[in-house]
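Here's the letter readout for the chains.
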Amino acid sequence: MTRDDIIELAIEAGLYSGNPRTPGTEAMIVKRLQRFAALVAAAERKECAKACQDVVDSGMYGGRQQYAAAACRDEILARGEKGQS
């Protein structure tokens with residue numbers, strides 16, 4: 001899910017109607033929506049990476065599955081470092 005997807009969902013949820021009453025408010029609202037989107041994406045990445053780490057730590061799977069889960073975890077975390085959603 002991209003930042004724009006999350007912003008669109010926030011708009012769809014009624015967090016922003018697109019009709020600011022005060023001039024200059026729209027830019028502030030968009031900036032807050034972008035920050036909100038970044039926070040949501042970071043939280044989702046953290047939870048996904050934790051799920052992958054849980055597979056690695058569980059010991060329920062063989063080497064290849066654990067390796068794949070660790071690689072997946074690393075890719076998820078790298079998205080945050082690259083500034084991706």
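Just so it is clear, the model here is predicted, and its values are computed rather than measured.

**A short note on the overall build of the chain**
Turning to step 1, where the next piece is worked out: Along the backbone of the chain there are three helices and zero strands.
Turning to step 2, where the next piece is worked out: Listed by position from the N terminus, the elements making up the chain come as α-α-α.
Turning to step 3, where the next piece is worked out: Looking at the chain as a whole, 20% of its 85 residues qualify as buried.
Turning to step 4, where the next piece is worked out: The long-range share in the chain, meaning contacts at least 24 apart out of those at least 6 apart in sequence, stands at 52%.
Turning to step 5, where the next piece is worked out: Carbon together with sulfur atoms contributes 54% to the accessible area of the chain, which is approximately 6,400 Å² in total.

**As for a nonpolar patch on the surface**
Turning to step 1, where the next piece is worked out: Together, Leu15, Phe36 and Val40 make up a nonpolar patch on the protein surface, roughly 260 Å² of accessible area in all.
Turning to step 2, where the next piece is worked out: One can find Leu15 in the loop between α1 (3-12) and α2 (25-58).
Turning to step 3, where the next piece is worked out: With relative accessibility at 57%, the residue Leu15 sits in the exposed group.

**With respect to the state of the cysteines**
Turning to step 1, where the next piece is worked out: Following the criterion strictly, the structure yields zero disulfides and no others.
Turning to step 2, where the next piece is worked out: Distance from the sulfur of Cys48, which forms no disulfide, to the nearest cysteine sulfur (Cys52) is 7.1 Å.
Turning to step 3, where the next piece is worked out: No disulfide involves Cys52; its sulfur sits 3.7 Å from that of Cys72, the nearest cysteine.
Turning to step 4, where the next piece is worked out: The class for Cys52 is buried, based on a relative accessible area of 12%.

**Overview of the nonpolar core**
Turning to step 1, where the next piece is worked out: Listed in full, the six residues of the largest apolar core are Ile6, Ile7, Ala10, Leu33, Ala37 and Ala41.
Turning to step 2, where the next piece is worked out: Elements with a minimum of two residues in this core: α1 and α2.

**Quick look at the pattern of salt bridges**
Turning to step 1, where the next piece is worked out: Counted according to the given criterion, the structure contains two salt bridges.
Turning to step 2, where the next piece is worked out: With a shortest N-O distance of 3.2 Å, Lys50 and Asp54 are connected by a salt bridge. Linking Lys50 with Asp54, this pair stays in helix α2, spanning four residues, or about one helical turn.
Turning to step 3, where the next piece is worked out: Taking the shortest distance from any N to any O, the salt bridge between Arg73 and Asp74 comes out at 2.9 Å.
Turning to step 4, where the next piece is worked out: Overall, Arg73 belongs to the buried group, its relative accessible area being 17%.
Turning to step 5, where the next piece is worked out: Its relative accessible area of 42% is what places Asp74 among the partly exposed residues.

Thresholds applied
Residues numbered from 1 in each chain as written. Predicted model: local features only at pLDDT ≥ 70, side-chain atom pairs only at ≥ 80, totals over all residues. Heavy atoms only, no water. Helix = DSSP H or I, 4+ residues; strand = E, 2+ residues; numbered from the N terminus. Buried < 20%, exposed > 50% of the residue type's maximum accessible area, 1.4 Å probe, protein only. Contact = heavy atoms within 4.5 Å. Areas by Shrake-Rupley, 256 points an atom, 1.4 Å probe, with all protein chains shown as cover. Patch = residues over 30% accessible without salt bridge, like charges linked within 9 Å, V, L, I, M, F, W, Y side chains within 5 Å. Salt bridge = Lys/Arg side-chain N within 4 Å of Asp/Glu carboxyl O. Disulfide = S-S within 2.5 Å. Core = buried A, V, L, I, M, F, W, Y, C linked by side-chain atoms within 4.5 Å.

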